[in-house]
There are 2 protein chains.
Amino acid sequence: MRGQETEPVPDVVVSRLPLYLRTLTFLAEEGAEIVSSAKLAGRLGLSPAQIRKDLSHFGEFGKQGSGYQVAYLRQKLQEILHLTRTWDVALVGAGDLGHALAHYGGFIDRGFRISLVFDNNPQKIGREVGGLTVLSTELMKAELRRRQIRVAIIAVPAAAAQKVADELVDAGVSAILNYAPITLNVPAGVNVQYMDPVVHLQHMTYYLEPPAQ
Amino acid sequence: MRGQETEPVPDVVVSRLPLYLRTLTFLAEEGAEIVSSAKLAGRLGLSPAQIRKDLSHFGEFGKQGSGYQVAYLRQKLQEILHLTRTWDVALVGAGDLGHALAHYGGFIDRGFRISLVFDNNPQKIGREVGGLTVLSTELMKAELRRRQIRVAIIAVPAAAAQKVADELVDAGVSAILNYAPITLNVPAGVNVQYMDPVVHLQHMTYYLEPPAQ
DNA sequence: TAGATTGTTAATCGATTAACAATC
DNA sequence: TAGATTGTTAATCGATTAACAATC
């Protein structure tokens, strides 16, 4: 317990909170009303102590002897992660991946809604994707500013990604989920998360025996 | 330098190697022949010392005074990550995301090839996706065994993912890239990497001011 | 040679874990 | 009450960084 929030919470702790939240949602769907740090840890492959320590950065949410109320902790995590509202997200790139993201039904009940789709291909501009009309990237900056969009997803080829990132930052975006296989250069204060499947596959092949073939 | 490889390399080090490799490929395309740890670090937003320390787990690849030969270090990283051959990958799930992955052109020159696509939907079985015929998941175990597939991608809804994972493991798969928003339970020796866009978006909203709206 | 940069050591920093008093 | 589990402290563990001799 503490009065005013002072020490910043380590980013590695923050990165686990969405996993806790996701698991709590499952537990709630399964009808669980109470969960212990041990049970939550078992689901996630973490240690109970780590979960308790992580949560202790934000307050006291459990009860000795029983554990955490699932609905309550879930609510608290949503508040901590600023998910008590829905964030409008701009999607840049209306290719195969952009289509998949625009059609993905898993955003809305976890705090996000793709509200704008951009592409620079005249063939795609004006088409409809996931209920949205694809807009020209030339309109991007103005639209993002007007709608005060803070979150964007980059789903363009690597060669175009840095330019898109620059424009997004210029338009006031400060959270970027980047599917392009390239490290982006962004100013301090802008957060980038990376989603390159090949990077994760390559990470795993390290542990695979180089097969005979 | 050491004789026989003894100490295991920390996983956090392994996780950075694909990023080094990716950046070296870019540098090679840009025509760079030599790169210093400082330049590589600048590109990646890391410290030069970290890159040198990471690489030192595997050998001595640089030259005092100049740095690393791009082509040589790239080759070495490919060998370390077992990327001197192409890995056949099974894709499970032929929905929007599965389509996007099957059509993605970025796998082949980075060591992977989607060779099999499975789905349990009779509407999809027999259809063609990215040049491959969608097979029934009922054939999965036999096909994976027969072709000795070690790497798979899960692109099915969360509700189906654990069952798919169990079947993949049973079929001998030991590296799973999981797009379903759920933590998988797998035996020791099976590696899972997660790709849940919402988890990464939620990580970032922690740092965003909860907007007025 | 002088300048630059590696590979490595030791110091620092930070994260995880173990343990337990508090308490439901 | 007895048993269980939290929140927290201190210890441990591991990763990052700083610094520099070696050397290209």
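Residues numbered from 1 in each chain as written. Chains lettered and ligands numbered in written order. Predicted model: local features only at pLDDT ≥ 70, side-chain atom pairs only at ≥ 80, totals over all residues. Heavy atoms only, no water.

**Some points on the domain arrangement of chain A**
Condition: Domain limits in this description derive from either an automatic procedure or a database domain assignment.
Split by domain assignment, chain A resolves into domain 1 (11–80) and domain 2 (87–199). Distance from the C-alpha centre of domain 1 of chain A to the C-alpha centre of domain 2 of chain A: 31 Å.

**Observations concerning the relation of the copies chain A and chain B**
Operational definition: Copies are brought into register by a least-squares superposition over C-alpha atoms of residues with pLDDT of at least 70 in both.
With an RMSD of 0.0 Å, the fit of chain A onto chain B corresponds to turning through 180° and sliding 0.0 Å along the axis. Those values place the two copies in the arrangement expected of a two-fold rotation axis.

**Overview of the sheet that holds strand 2 (residues 62–63) of chain B**
All names here are of chain B. Under the convention used in this document: The pairing criterion is simple: DSSP has to find at least two bridges between the two strands. Every helix listed is a DSSP run of H or I at least four residues long, and every strand listed is a run of E at least two residues long, numbered separately from the N terminus. Contacts are residue-level and defined by heavy atoms, with any inter-residue pair within 4.5 Å sufficient. Fitting a line to C-alpha atoms yields each axis, with helices limited to the stretch in contact; the angle taken between N-to-C directions then spans 0 to 180 degrees.
Within the open sheet, the three strands sit side by side as 1-3-2. Their pairing is antiparallel. Looking at strand neighbours, the two that pair on one side only are strand 1 (34–35) and strand 2, the edges of this open sheet. Note that strand 1 and strand 3 (residues 67–69) share two bridges and pair antiparallel. Residue pairing across strands places Val 35 opposite Tyr 68, the latter belonging to strand 3. Packing against the sheet, helix 4 (residues 70–80) makes contact with strand 1 and strand 3, and its axis sits at approximately 75° to strand 3.

**Observations concerning the protein's contact with DNA strand D**
What counts here: When we say a residue is near a molecule or strand, we mean one of its heavy atoms is within 4 Å of it. What qualifies as a polar contact is a pair of N or O atoms within 3.5 Å, subject to a donor-acceptor requirement within protein and to the restriction that residues adjacent in sequence count only when both atoms come from side chains.
By nearness alone, 26 residues border DNA strand D, and Ser 37, Arg 52, Gly 62 and Tyr 68 of chain A together with Lys 63 of chain B come closest of all. For DNA strand D, the fraction of atoms within 4 Å of the protein that belong to sugar or phosphate moieties is 66%. For DNA strand D, a phosphate oxygen lies 2.6 Å from a polar atom in the backbone of Ser 37 of chain A. Contact distances for DNA strand D include 2.8 Å between a phosphate oxygen and a backbone N or O atom of Gly 62 of chain A.

**A word on the protein's contact with DNA strand C**
Among the 26 residues in the neighbourhood of DNA strand C, the closest are listed as Lys 63 of chain A together with Ser 37, Arg 52, Gly 62 and Tyr 68 of chain B. The sugar-phosphate portion of DNA strand C accounts for 65% of its atoms within 4 Å of the protein, the bases making up the rest. Between Glu 60 of chain B and DNA strand C, the recorded distance is 3.2 Å, taken from a side-chain N or O atom to a sugar or linking oxygen. Broken down by secondary-structure element, the contributors of at least two residues to the surface near DNA strand C are helix 1 (11–29) and helix 3 (48–56) of chain A together with helix 3 (48–56), strand 2 and strand 3 of chain B. Among the elements that make up the surface near DNA strand C, the one with the highest residue count is helix 3 of chain A (four residues).

**Things to note about the interface of chain A and chain B**
Put simply, the test is: Accessible-area loss on putting two parts together, using a 1.4 Å probe and summing over both, is the definition of buried area adopted here. By definition here, a salt bridge exists when the distance from a side-chain nitrogen of Lys or Arg to a carboxyl oxygen of Asp or Glu is within 4 Å. Classification convention: Asp, Glu, Lys, Arg as charged; Ala, Val, Leu, Ile, Met, Phe, Trp, Tyr, Cys, Pro as nonpolar; all other residues, Gly among them, as polar.
Contact with chain A, which involves 61 residues of that partner, is made by 61 residues of chain B. For the pair chain A and chain B, the summed buried surface comes to about 6100 Å²; carbon and sulfur atoms form 66% of the total. Its largest share of buried area at the contact with chain B, chain A owes to Gln 202, Met 204 and Tyr 206 of chain A, together 12% of the area lost on that side. In this structure, Arg 22 of chain A and Asp 196 of chain B form a salt bridge, with 2.9 Å as the shortest nitrogen-oxygen distance. Scanning the region where chain A abuts chain B turns up 20 residue pairs in polar contact (both at pLDDT 80 or more). If you list the elements that add at least two residues to the side of chain A that touches chain B, you get helix 1, helix 2 (37–44), strand 4 (87–92), helix 5 (96–103), strand 9 (175–178), strand 10 (191–194) and helix 8 (197–205) of chain A. Here the side of chain A that touches chain B takes nine residues from helix 8 of chain A, the largest share from any one element. In terms of residue class, the side of chain A that touches chain B is made up of 38 nonpolar, 13 polar and ten charged.

**Examining the confidence of the model for chain A**
Heads up, the condition is: Across the chain, each position has a pLDDT score giving the predictor's confidence in that residue, from 0 to 100.
Of the residues in chain A, 96% have a pLDDT of 70 or more, and the chain-wide mean is 95. Low pLDDT, under 50, characterises residues 1–5 of chain A; the predicted model gives this stretch three contacts beyond four residues in sequence or across chains.

**What about the nonpolar core?**
What counts, and what does not: Throughout, nonpolar core names a set of buried Ala, Val, Leu, Ile, Met, Phe, Trp, Tyr and Cys residues whose side chains join them through atoms within 4.5 Å. Accessible area is worked out with a 1.4 Å probe on protein chains only. A residue is then buried under 20% of its type maximum, exposed over 50%, and partly exposed in between.
Grouped together as the largest cluster of nonpolar side chains are 95 residues, with contacts concentrated most on Leu 77 and Ile 153 of chain A together with Leu 77 and Ile 153 of chain B. The contact partners of Leu 77 of chain A, leaving out residues within four places of it in the chain, are Leu 17, Tyr 20, Leu 21, Leu 24 and Leu 55 of chain A.

**So, the packing of helix 1 (residues 11–29) of chain B against helix 2 (residues 37–44) of chain B**
All names here are of chain B. So the rule is basically this: Every angle not falling under 35 degrees, over 145, or within 65 to 115 is termed oblique; those three ranges are roughly parallel, roughly antiparallel and roughly perpendicular.
Packing of helix 1 against helix 2 brings their axes to within 10 Å, and their N-to-C directions diverge by 105°. On the basis of the axis angle, helix 1 is roughly perpendicular to helix 2. For the pair helix 1 and helix 2, contact is made by Leu 19, Tyr 20, Thr 23, Leu 24, Phe 26 and Leu 27 and by Lys 39, Leu 40, Arg 43 and Leu 44, respectively. Here the contact of helix 1 with helix 2 is built from residues that sort into seven nonpolar, one polar and two charged.

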